[in-house]
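# A structural walkthrough
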Amino acid sequence: MEEQNKKMEFGMDPERFEAPLERIKHFNEFHAPVSLEKQQNQGDRCMNCGVPFCQNGQLVGTMFSGCPLNNLVPETNNLVCGGNWEQAYERLTKTNPLPEFTSRVCPALCEHACTHNLFEPPVETKENERAIIENAYKNGWVHSAPPAVRTGKKVAIVGSGPSGLAAALKLNKRGHEVTVFERSDRIGGLIRYGIPNMKLDKSVIDRRMEIMEADGIKFRTGVDVGKDIKAEDLKKEYDAVVLTCGASNPRDIGAPGRDADGIYFAVTYLAANTKWLLDGRKTEESPISAKDKNVIVIGGGDTGNDCVGTAIRQGAKSVTQLEMMPMPPEERADNNPWPEWPRVLKTDYGQQEAIAVFGHDPRIYKTTVKEFIKDKKGKLKKAVIVSLESKKDEKTGRMQMVPIEGSEKEIPAELVLIAAGFLGSEKYVTDAFKVEVDGRTNVSTNDFETSVKGVFAAGDMRRGQSLVVWAIREGIDVARAVDKNLMGYTNL
Ligand SMILES: Cc1cc2nc3c(=O)[nH]c(=O)nc-3n(C[C@H](O)[C@H](O)[C@H](O)COP(=O)(O)OP(=O)(O)OC[C@H]3O[C@@H](n4cnc5c(N)ncnc54)[C@H](O)[C@@H]3O)c2cc1C
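Throughout what follows, the structure given in this document is the object of discussion. (Residues numbered from 1 in each chain as written. Predicted model: local features only at pLDDT ≥ 70, side-chain atom pairs only at ≥ 80, totals over all residues. Heavy atoms only, no water.)

The next thing to look at is the layout of surface pockets. One number sums up the size of the second largest pocket: a volume of about 600 Å³. As for the second largest pocket, its lining consists of 20 residues, of which Tyr 89, Thr 93, Leu 169, Lys 173 and Arg 208 are closest to the centre. Listing elements by their share of the lining of the second largest pocket, those giving two or more residues are helix H5 (85–95), helix H9 (162–173) and helix H11 (203–214). The element best represented in the lining of the second largest pocket is H5, accounting for 5 residues. Along the lines of polarity and charge, the residues of the lining of the second largest pocket split into 10 nonpolar, 3 polar and 7 charged. Among the domains, domain 1 (2–138) and domain 2 (154–248 + 423–487) are the pair contributing at least three residues each to the lining of the second largest pocket. (1 Å grid on protein atoms, 1.4 Å probe; cavity = no way out; pocket = protein on both sides within 12 Å on 5 of 7 lines; lining within 4 Å. Points joined across faces, edges and corners; volume = space filled by probe spheres on them. Helix = DSSP H or I, 4+ residues; strand = E, 2+ residues; numbered from the N terminus. Nonpolar A, V, L, I, M, F, W, Y, C, P; charged D, E, K, R; others polar. Domains from an automatic or database assignment.)

This paragraph deals with the nonpolar core. One finds Phe 101, Ile 157 and Val 482 to be the most contacted residues of the largest nonpolar core, which totals 42 residues. Every element with two or more residues in this core is listed here: helix H6 (99–105), strand S3 (154–158), H9, strand S4 (177–182), H11, strand S6 (240–243) and helix H18 (468–487). For this core, the element with the highest residue contribution is H18, accounting for 10 residues. Looking at this core, you find at least three residues from each of domain 1 (2–138) and domain 2 (154–248 + 423–487). If we skip the residues at most four places from it in the chain, Val 482 touches Val 155, Leu 171, Ala 240, Val 242 and Phe 456. (Core = buried A, V, L, I, M, F, W, Y, C linked by side-chain atoms within 4.5 Å. Buried < 20%, exposed > 50% of the residue type's maximum accessible area, 1.4 Å probe, protein only. Contact = heavy atoms within 4.5 Å.)

Take the site of the ligand next. Near the ligand lie 36 residues; those nearest to it are Val 105, Glu 182, Val 225, Asp 460 and Val 468. Residue Leu 190 places a main-chain N or O atom 2.9 Å away from an oxygen atom belonging to the ligand. Out of a free accessible area of 1000 Å², the ligand has 96% covered by protein chains. Counting residues per element, the ones that place at least two in the shell around the ligand are H9, S4, helix H13 (266–278), helix H14 (302–313), helix H16 (427–433) and H18. By residue class, the composition of the shell around the ligand is 18 nonpolar, 12 polar and 6 charged. Of the residues that make up the shell around the ligand, three or more belong to each of domain 2 (154–248 + 423–487) and domain 3 (263–418). (Near = heavy atom within 4 Å. Polar contact = N/O pair within 3.5 Å; in protein donor to acceptor, adjacent residues only side chain to side chain. Areas by Shrake-Rupley, 256 points an atom, 1.4 Å probe, with all protein chains shown as cover.)

Once rolled over the atoms, a probe with the size of a water molecule shows which space is left empty. Under the defined criterion, the tally for this structure stands at 4 cavities of 30 Å³ or more. Looking at the largest cavity, its volume works out to about 120 Å³. As for the largest cavity, its lining consists of 16 residues, and the residues nearest its centre are Cys 67, Asn 71, Cys 106, Cys 110 and Glu 129. Among the elements that line the lining of the largest cavity, the one with the most residues is helix H8 (residues 125–138), at 3 residues. Tallied by class, the residues present in the lining of the largest cavity amount to 9 nonpolar, 5 polar and 2 charged. Its volume calculated, the second largest cavity comes out at about 90 Å³. For the second largest cavity, the lining is made up of 13 residues, of which Cys 46, Cys 54, Cys 114, Thr 115 and Val 123 are closest to its centre. In terms of residue class, the lining of the second largest cavity is built from 9 nonpolar, 3 polar and 1 charged.

Under the 1.5 Å per step criterion, the end-to-end length of H11 is 17 Å for 12 residues, consistent within 8% with the ideal 16 Å. For H11, the set of buried residues is Val 204, Ile 205, Arg 208, Met 209, Ile 211 and Met 212. For H11, the buried positions fall inside an angular range of 160° around the axis, keeping them on one side. Positive phi appears at Gly 216, one or two residues downstream of H11, with a value of about 110°. (Expected span 1.5 Å × (residues − 1). Arc of directions from axis to C-beta.)

Here we take up the packing of helix H4 (residues 73–81) against H5. The contact between H4 and H5 brings their axes to 8 Å, and the two run at 165°. Classed by the angle they form, the pair H4 and H5 counts as roughly antiparallel. Remark: the crossing between H4 and H5 carries left-handed chirality. Contacts between H4 and H5 involve Glu 75, Thr 76, Leu 79 and Val 80 on the former and, on the latter, Trp 85, Gln 87, Ala 88, Arg 91 and Leu 92. (Axes fitted to C-alpha atoms, helices over the stretch in contact; angles between N-to-C directions. Parallel < 35°, antiparallel > 145°, perpendicular 65-115°, else oblique. Left-handed = near helix turned anticlockwise from the far one by under 90°.)

Here is the structure:
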């Protein structure tokens with residue numbers, strides 16, 4: 001109760017979010033903006049700080065803490081506190097060219113590192129960021145500003161996810177002629193066809209794309225580089241090529257019966273639903289629908305949570321989410337102090353919705369699928385799940401999750417969604433450009449340049465599956481490296 005009061009006092013009222021049973025009736029964002037006055041109070045709270053850790057993105061322990069973009073959080077919050085919204089927008093966009101994306105989907109490393117977090121809820125920096133950028137759009141401060149002078153250099157960017165978009169913005173601003181190639185029918189990468197509408201409405205991407213086009217950036221969708229265009233041709237035509245193709249190679253589940261009809265990778269499922277919505281729901285149901293089905297989501301992370309939320313909106317009969325690892329503690333353990341990233345239990349929007357609909361948390365920990373059972377026609381019918389325990393591997397000495405014999409259980413399943421992580425870059429692209437990759441198939445680089453001269457890489461394709469905020473950071477950094485390479489120096 002005391003915690004609840006504190007949250008109300010500082011403006012974190014739960015009413016900001018539409019109630020789970022209401023929001024599952026649609027696929028729209030369910031987060032209502034807060035009044036600018038309330039946000040000013042949050043800026044005010046930031047001013048109580050002595051040493052800000054929020055802006056100082058750095059490794060603390062084994063994980064990253066604070067903003068990877070080094071957003072000037074206290075300075076921006078100070079401007080918000082004084083109601084100087086236009087200056088706050090300018091200060092924020094000095095470090096973050098795409099705050100409309102991060103303010104919706106970032107796990108807010110800044111807030112977890114916030115000094116207030118030691119005693120009470122953190123300053124709502126992410127919420128302030130959203131208020132700043134939405135207010136800026138409303139007031140017409142975000143507008144086209146093509147470069148006054150062109151350098152005559154041409155850059156091709158392959159992949160239009162947040163990394164490619166950030167790189168395009170920066171390189172175009174510098175005066176280079178930028179073309180973004182995207183194999184999909186619409187731009188945005190995983191912020192378009194991974195992250196569902198509920199978290200990020202796709203009009204937010206279209207709004208930014210229009211300004212980028214007006215600035216002179218060209219977008220070529222439906223072009224698969226390495227297949228539709230030869231890598232060699234692209235290299236010949238452009239002065240530099242930037243690969244921001246993501247890390248979309250999904251990790252599979254090698255259980256018997258895997259070929260049953262009704263088992264999909266999470267992104268295939270999520271993309272099908274988003275495309276169905278964007279194309280105007282021309283069929284009654286999404287091509288991969290959970291309606292009236294028992295759904296199993298394999299993987300307890302954010303992608304799995306997005307599948308849970310989507311399946312519930314589609315009218316699933318039941319949703320079970322399997323996680324191999326044990327349930328994390330509800331509060332920080334002694335060996336995980338502030339300002340480290342908190343390794344604690346997070347009950348995200350999809351799980352909250354499952355609790356509201358089915359009356360229980362959909363997650364089962366220390367469990368995986370041992371076998372998929374299909375009917376005579378090859379359709380998925382059931383899954384055999386098995387409990388796991390942590391045991392030391394005699395050969396390597398490493399702890400491993402291993403099945404507990406006799407713990408097998410059959411559960412009904414007509415739809416299984418595999419959200420078990422990603423394995424790195426796709427081979428046909430790295431082969432086409434003949435760039436070196438590391439043991440995890442991430443593209444190897446030296447100051448963002450690959451083993452092939454004039455070909456650069458950034459984002460998930462370089463660092464492995466990560467976060468939107470990191471993709472943007474990499475986009476900014478690769479633009480700097482390309483500019484230096486083309487001009488001999490950089491002022492980006
Ligand atoms: C379901 C899901 C939910 C997520 N939720 C969050 C979240 O809430 N918050 C967060 O911070 N992060 C989240 N992430 C992670 C985040 O989306 C990624 O880290 C980020 O999008 C990576 O950006 P990127 O630009 O490097 O690559 P991507 O976004 O993967 O974009 C790569 C683009 O390159 C295109 N491409 C690939 N090869 C070619 C080619 N040969 N020719 C032309 N185009 C090509 C692809 O079609 C794609 O559009 C989520 C990821 C998933 C899968």
